[in-house]
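Residues per chain, in single letters:
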Amino acid sequence: MQAYNLLINGRLVPGASTLDVINPATGEVLAVAPRADAAQLDEAVAAAKAAFPAWAALTMAARREKLFAIADALEARMDEFARLLTAEQGKPFADAMGEVGGSVYMLRILGALDLPNKILREDETQKIIEHRTPLGVVAAITPWNFPLSLLIIKITPALLAGNTVVAKPAPTTPLTSLLLAELTNAILPPGVLNVIVDQNDLGGLLTKHKDVAKVSFTGSSATGKKVMESAASSLKRLTLELGGNDVGIVLDDATVKDVAPKVFASAMVNSGQVCLALKRLYVPDAMYDEMCDELAVLADAAVVQDGMMQGVQYGPVQNKAQYDKVRALIEDTRSEGKIIAGGVPHEGPGYFIRPTIVRDIADDARLVREEQFGPVLPVLRYSTLEDAIERANDTTFGLGGTVWTANPERGLEVAMKLDSGVIWVNQHLVIHPDIPAGGSKQSGMGQELGLEGLMEFTQNHVVYMAK
Ligand code: NAD
């Protein structure tokens, strides 16, 4: 078994204790990870605080060079990272290669962003200049569905802007973050990036810490609320990327055979464990039976197994707690709707759940109202488009949504009525690193990606200079 270490102040160190990391495809221990205690968290924050002035004093170009060097180093070790990602997260190896390759791409695209000083006004009497200055120590807290790319989305703009970072991955997927820590340690000055691991017990201390200036958090809405509470004590800057219950609406001019495979893929990708995955689908009465049948055929044909196997489409659910949660939702659904594909308990090791399609389910069923974050899709029928839009918006979430139609302009009209941070027409889950994204309502606060995402790691600093 490979040994993993925390990264604190430029040193790869063991944790105060350890935790077992489970391979979700086998249910067996994959590796023993170091687990930090509160004292190590304090050390990590202190190291980041001490490293901040020198890092912030570098030019953005100098910091960018380091980020590009990380991109090159990661690219050179893609296969190793992807294997580890599949082993700890469960996703098919091809998808893991996609996540690692996407991380390299994001390091390069986000790392190339710039925030030059802006002259806001100038005349004979005065000049007004805006600078964007870094904030200090950033806490980067990530979930287990995309352990590597979601961390890269945070640390790239945070470091580029001149902040230093203490990163804390989810306890069930710490290994790729720790491998990244080791890789970056050969490139970054000590203390600029620190990586600690917990057992879901240090997040509160980190987000409350007096020397943390900003929290960039991705995770559930429930934890996001706790983060907001603990950040209040020192009015920390916050970016919250939270849960979603993304809606798909099929318009009556769409062709079921064309749309069904795309809908299926956007609901089941990463075994449904994507914040922006399609989580409920509304279909017009006239096409309802055909759409349900098509989706059921696709679900029955899906290849679900260990992500390292050839030809696999979907791996296991990432951890036992999420597996139990999704299984319980499926059991609830037996009395609330009709399961037409999947839904059978898995026999053998690993946390596998086959793609499950549910029809004839009420709007107030848990599977419709809550975020399932697993491979289970409820299909709901509608009679009028106005009714579908109203039901689509009747949720506390507002992360993403999709409209499927033969007429993109009509799709755009519907998209304008959906209350959500991102809406796609005739495509889903397309994300460009230079385009900002963020949730509405309880799906989040602030933006990631793009120039707006970079600005979230800065403070505006305006100088009025009399001439
Ligand atoms: P989670 O909220 O349980 O955990 C996320 C992270 O928060 C983990 O690192 C966890 O250890 C940490 N944490 C736990 N308690 C904390 C506390 N009190 N203070 C601070 N941090 C704490 O989420 P999860 O189950 O790991 O991830 C799934 C959720 O993440 C889903 O709701 C999904 O939609 C959401 N998500 C959102 C986005 C997005 O961009 N909007 C992306 C991916 C996942």
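The structure this text deals with has already been given above.
As the structure is a prediction and not an experimental result, all values here were calculated from the model.

A count of helical and extended segments in the chain gives 15 helices and 20 strands. For the chain, whose C-alpha radius of gyration is 23 Å, the value lies close to the compact-globule estimate of 23 Å for 467 residues. A principal-axis box enclosing the C-alpha atoms of the chain has dimensions of 70 × 65 × 40 Å. When burial is assessed residue by residue, the chain has 55% of its 467 residues classed as buried. Considering only intrachain contacts with a sequence separation of at least 6, the fraction spanning at least 24 residues in the chain is 73%. Of the accessible surface of the chain, which amounts to about 18,500 Å², a share of 55% is contributed by carbon and sulfur atoms. Across the chain, the centroid of the 42 positively charged side chains sits 5 Å from that of the 56 negatively charged ones.

Along the polypeptide, R280 turns up in strand β13 (residues 278-284). One buried charged residue, R280, remains without a salt bridge, the closest side chain of opposite sign being D246 at 7.1 Å. Of the polar contacts made by the side chain of R280, one reaches the backbone oxygen of A392; its length is 2.9 Å. For R280, the residues in contact, after removing those within four places along its chain, are N245, D246, V247, G248, V368, L377, P378, L380, R391, A392 and T395.

Quick look at the sheet that holds strand β5 (residues 118-122) now. Hydrogen bonding along the main chain pairs the strands of a sheet, whether they run parallel or antiparallel. Across the sheet, three strands lie side by side as β5-β6-β20; this open sheet has antiparallel pairing. Taken across any chain shown, the strands that pair with only one partner, and hence form the sheet edges, are β5 and β20 (458-466). With strand direction ignored, the average angle separating the axes of adjacent strands in the sheet is 20 degrees. As paired strands, strand β6 (residues 126-134) and β20 are joined by nine bridges and run antiparallel to one another. Opposite K127, over in β20, you have M465 as the bridge partner.

Scoring rules and cut-offs
Residues numbered from 1 in each chain as written. Predicted model: local features only at pLDDT ≥ 70, side-chain atom pairs only at ≥ 80, totals over all residues. Heavy atoms only, no water. Helix = DSSP H or I, 4+ residues; strand = E, 2+ residues; numbered from the N terminus. Rg over C-alpha atoms; globule rule 2.2 N^0.38 Å. Buried < 20%, exposed > 50% of the residue type's maximum accessible area, 1.4 Å probe, protein only. Contact = heavy atoms within 4.5 Å. Areas by Shrake-Rupley, 256 points an atom, 1.4 Å probe, with all protein chains shown as cover. Lys, Arg positive; Asp, Glu negative; His and termini not counted. Charge placed at Lys NZ, Arg CZ, Asp CG, Glu CD. Salt bridge = Lys/Arg side-chain N within 4 Å of Asp/Glu carboxyl O. Polar contact = N/O pair within 3.5 Å; in protein donor to acceptor, adjacent residues only side chain to side chain. Pairing = 2+ DSSP bridges. Axes fitted to C-alpha atoms, helices over the stretch in contact; angles between N-to-C directions.

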